[in-house]
Each structure stands twice: as structure tokens, then as C-alpha cells.
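Listed here are the chains, written in short residue letters.
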Amino acid sequence: MQRAVTEPANTTSMAQHMKDTDILIIGGGMVGVTLALLLAREASLRITLVEAITLPALSPGEPLPYRPSFDARNTALSRKTVATYQELGLWDELQTHATPIHEIHVSERGHFGMARLVAHEENVESFGQVIENAWLGLVLLRALKTCANVTILDGVRLTALTPSPTQMTATLARGDEIFSLSAPLLVAADGAQSVSRTLLGIGATTTPYEQVALVTTVATHLPHDHIAFERFTEHGPIALLPLPDNRRSIVWTLPAGTEQPLIDCSDDEFLTALQSAFGKRAGRFVKTAKRFAYPLALTVAQAQALPRAVILGNAAHTLHPVAGQGFNLCLRDCLALTQRVLAAHREGRDTGTLALLRDYEDARLGDQHNVITFSDRLVRGFSNRTPGLTFARNAGMVTFDLLPAAKQALARYAMGLNQ
Ligand SMILES: Cc1cc2nc3c(=O)[nH]c(=O)nc-3n(C[C@H](O)[C@H](O)[C@H](O)COP(=O)(O)OP(=O)(O)OC[C@H]3O[C@@H](n4cnc5c(N)ncnc54)[C@H](O)[C@@H]3O)c2cc1C
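Note that the structure is a prediction, hence the values are computed from the model and not measured.

(A) Spatial organisation of helix α4 (residues 133–145). Given a rise of 1.5 Å per residue, 13 residues ought to cover 18 Å, and the 18 Å separating the end C-alpha atoms of α4 matches this to within 8%. Within α4, 10 of the 13 residues are buried, which leaves it mostly tucked inside the rest of the structure. Within the span of α4, buried status applies to Asn133, Trp135, Leu136, Leu138, Val139, Leu140, Leu141, Arg142, Ala143 and Leu144.

(B) Representation of the site of the ligand in the model. As a structural note, the neighbourhood of the ligand is formed by 29 residues, with Glu51, Ala76, Asn314, Phe327 and Asn328 the closest of them. For the ligand, the protein covers 85% of the area, taking 1,000 Å² as the surface of the free molecule. Residues that form the shell around the ligand fall into these classes: 14 nonpolar, 11 polar and four charged. If you count residues domain by domain, the shell around the ligand takes at least three from each of domain 1 (13–60 + 146–203 + 302–375) and domain 2 (74–132 + 207–296 + 384–414).

(C) Highlighting the side chain of serine 375. Relative to the assigned elements, serine 375 resides in helix α9 (residues 354–383). Here serine 375 falls in the buried class, since its relative accessible area comes to 1%. With residues near it in sequence (within four places) discarded, serine 375 still touches Leu319, His320, Val322, Ala323 and Gln325.

(D) Spatial organisation of the sheet that holds strand β2 (residues 47–51). Spatial strand order, β8-β2-β1-β12-β20-β19: six strands in an open sheet with mixed pairing. Each edge of the open sheet is held by one strand with a lone partner, namely β8 (150–154) and β19 (305–306). In the sheet, β19 pairs with strand β20 (residues 309–311) via two bridges, with the strands oriented antiparallel. Bridging from a neighbouring strand, leucine 306 pairs with alanine 309 of β20. The strands that helix α1 (residues 30–40) touches are β1 (23–26), β2, β8 and β12 (185–188); relative to β2, the one it contacts most, it runs at about 170°.

(E) The arrangement of the sheet that holds strand β9 (residues 157–163) in detail. Spatially, the three strands line up as an open sheet ordered β9-β10-β11, and their pairing is antiparallel. This sheet does not close on itself; its edge strands, each paired only once, are β9 and β11 (177–183). Along the sheet, successive strands turn relative to each other by an average axial angle of 25°, direction set aside. Pairing of strand β10 (residues 168–174) with β11, which is carried by seven bridges, proceeds in the antiparallel orientation.

(F) Geometry of the nonpolar core. Ranked by size, the top nonpolar core spans 53 residues in total, and within it Ile25 and Tyr85 carry the most contacts. Ranked by residue count, the leading element in this core is helix α8 (residues 326–346), at nine residues. Those residues within four positions of tyrosine 85 in sequence are excluded, and the remaining contacts are Thr34, Leu90, Trp91, Leu94, Leu136, Leu140, Phe327 and Leu331.

About the thresholds
- Every chain is numbered on its own, with residues counted from 1 as its sequence reads.
- Local features in this predicted model are restricted to residues whose pLDDT is 70 or higher, and side-chain atom pairs enter the listing and the counts only when it is 80 or higher, whereas totals over whole chains, interfaces and linings include all residues.
- Processing note: side-chain calculations cover all non-hydrogen atoms of the structure and skip hydrogens and water entirely.
- Only DSSP runs of H or I covering at least 4 residues are called helices, and only runs of E covering at least 2 are called strands; the numbering of each starts at the N terminus.
- Each helix should span, by expectation, one fewer than its residue count multiplied by 1.5 Å.
- Relative accessibility decides the category of a residue: with a 1.4 Å probe and only protein chains considered, values under 20% of the type maximum give buried, values over 50% give exposed, and everything between is partly exposed.
- Throughout, near means a residue has at least one heavy atom within 4 Å of the molecule or strand.
- Surface accessibility follows the Shrake-Rupley procedure with a 1.4 Å probe radius. Residue values consider only the protein chains on display as shielding.
- Amino acid classes used here: Ala, Val, Leu, Ile, Met, Phe, Trp, Tyr, Cys and Pro are nonpolar; Asp, Glu, Lys and Arg are charged; the rest, including Gly, are polar.
- For each domain, the first and last residues come from an automatic or database assignment.
- Only heavy atoms matter for contacts: two residues are in contact if any of them lie within 4.5 Å across the pair.
- Strand pairing is assigned whenever DSSP identifies at least 2 bridges connecting the two strands.
- Here an axis means a line fitted to C-alpha atoms, over the contact stretch when the element is a helix, while the angle between two N-to-C directions is reported on a 0 to 180 degree scale.
- Put simply, buried Ala, Val, Leu, Ile, Met, Phe, Trp, Tyr and Cys residues joined by side-chain atoms within 4.5 Å make one nonpolar core.

Right under this line is the structure:
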């Protein structure tokens, strides 16, 4: 990742003046909202979150407008992520619609090898929890709405950025209304196609995988028993994750251009195709829902820290979902940034200096590099059909299954405990 920007000469306590808010977060996705919640624990810090989409009202005291669905996207949360939501006091509510993962089975369709990770063998109750994004989003958003020091501007789009030595000024649009807000620190958490990143002049390296993730929810005739499957097939990996009510989340990676027939076909035709690709390890697929496709690419920002701005979440790195690590990695970034920003704020220091933000970036590059490389190699390694390699992979999985130390290392990695 290259760096192009240097600290402006004049970074004085002027940052304390003329600002509209202390931290301006662009993007109210899972990352922007989680960061805002972490920062909001410091009551004297004023945070403004800008989100392009109009968010649900969520009146206090009323039940959340959630319906368990058969067509939502889900996220596997690592133990570290779960622990963070516990610290925020949100886990009790989140877990009412989350399911623990007790086992992870990794295998390759049509070959002998299989690796099995079992939570109690690693002395943990679970490897993490699977949660519907819809529920996670509602709980986080309602919690954020109760924070007195947070202003949420939804239905508002960032259109321009103007840096000065002491602050970043964002031009914002709500329909035809144009207004601006200034802060000593702007956090760009506006997703893979980040407008902020472009406006800040930061390039991104994008490597298309020529694959799509077909996402849906299914049921099988057998209980899921809290087992997560990662099944590598000749067309791409299929992840099957346990959900509440014995549903299972499917992320089926397919070559780009082959997904449409599987989206348009009848449910029965889809179940037959899935059964044939996945095999019978999870039982018979008996029910499915609407299918959605997400194009897959590895996108990495060429820099994350600038004077007065930092790039976070999918705007900084968008990964292949094969290993379920994208959001968990983003959350560890949020924790590291929060720690530095809160320390500076409490000591009366400027929170938006290049020195502070580079310190954050430097601290995070190693973990980011490891996770990005791990996910990328997993996709590419299992896409290679060379016969010798297929054998080596399967022999590797058998050996791995017999090696407690290797299993423990991978388990800790999957739980978000090893960086
Ligand atoms: C199929 C699939 C499965 C996945 N499964 C897992 C998993 O199991 N575990 C895991 O850890 N990760 C998983 N991930 C990754 C995870 O979903 C992402 O890491 C996470 O959603 C990133 O969130 P974000 O907030 O950075 O970006 P986004 O969710 O893209 O949010 C960006 C927000 O910014 C807003 N925005 C955009 N432009 C503007 C603008 N100009 N002005 C204002 N607002 C703007 C958007 O409306 C949006 O709300 C998966 C991803 C996919 C595709």
C-alpha cells in the first residue's frame, strides 16, 4: 500500500475551533455504525454519522421491525467481534437471533480429505456466531439512536471534500438541499465503491475474481447441529452456516455469468443443483428462498491514513467472503482506531493528525495483510484443478485433521483471536 500524502505544515489547536462535530463518519453500514457506537462511549466526543440511505425510524420502547426471513444476508461473527458487542452491552439482544458455530467442516467435493474443527476440543463453547444482517443492523442502529452525543444524518449523500490544515469539510446533499459540515477527523466508511476515497484522491487496487457469490437461505431434512461447512467444488467454494430455526445460510461462489439460471429457476431446480454441487454431507436440501448475487473482487485502498481523514471498512479492503473474515477484520480496525482517537481526545490532543492516523494504519497493516492473503489464497488454491495439487490439498486436510497444534492455530484465527 503506497503513501502519497504528508502532514500540512500548520496543524495547530485551530482544530478545536470552527468545527461542527468532532468526528464525521461517512457511511452507516455495519462498520460506520459499529465505529460510532465504540466512539460514543466517550460522552464528551461529538460524532456525526452520514448515511445515503433513509434509515428506519425505530421508536424507543417499540419492538424492532424484524421478521425472521428466508432471504436475508448473514454474517459469521468471530469470538472477538461477539466480545466487542458484549462490551457494548448489545450481545444479549443480538443473540436472540444468532446461532453459535460448534464445528467447522472443510472438505473438497469428490475427494477424500476433510478437516474438522470442534469447539470443545479447542476449549471454547463456540467458534463464533452467525447472525442475520437485518437483525444486527436494527439492534446497532437503535442503540446508536439512544446515544446523546451522536447525530445521524440519513438520506444524506457526501458529494465533495475540502481539506484544510485543521479540519476536513464535507459537502453534503439531502435531495436539492446542499450543506457542509467540518470536523478535525473524517472517517470514510462508505463501502467498496467509496466516494470519499475517490474524493480524497486515494486509489484502490481491484482484482476481480471473475466470480459471484450466490446468497440464499435453505433448510435441510437434518438438523444443522451448529455445524458450519466449507465445501470446495469444481466451480468454487460453498459455505453453509447454521441459523436459528434450523435454517442455513448459503454462500455459493460461482464463475461470473453462470449465476442467472440459478436465480431464475424454480426452487426445486435450485435445490437439485445445490444438492448435486454440495453433496449429501448436510442432508437433503428441502427448502430455499430468493437468490441474490454479489460480484466478487479483492479491493485494497492504496493508503488508509491522510491528514484529517482515515479510510475504514470495505472502503479500505473488500475481501472474498469465502473465509467469513471481512467484517471481523473491519471490526478489529475499528477497535484500534477507537483506542487511538479516545486516548488523544482524553489528553486534549488533536484526533485528526497524520501522525495519529499513520500510527493506526501501521498497527493494522499486518493483520490486514494476513487476512487478505489467507482469504485470497484459499480461493485461488482451491480453484486450481491440477491433479497433483488436488491430491496434496486432500492429503493436507487429512494431515491437518490429525495435528492438534495446526488445528488450534487455525481455530484461533477463525475466532479472531490470533492476529
Ligand atoms: C456474500 C457475503 C458474505 C459475507 N459474509 C461475511 C461473514 O460471514 N463474516 C464477515 O466477517 N464478513 C462477511 N462479509 C463481509 C462484510 O459484509 C463486509 O465486510 C461489511 O459489510 C463491510 O461493511 P461496510 O460498512 O464497510 O460497507 P457497506 O456495508 O458497503 O456500507 C457502506 C455504507 O455507506 C453508504 N454510502 C455509500 N456512499 C455514500 C455517500 N456518498 N454518502 C453517504 N453514505 C454513503 C452506503 O449506503 C452504505 O450504507 C460478507 C460479504 C459478502 C458479500
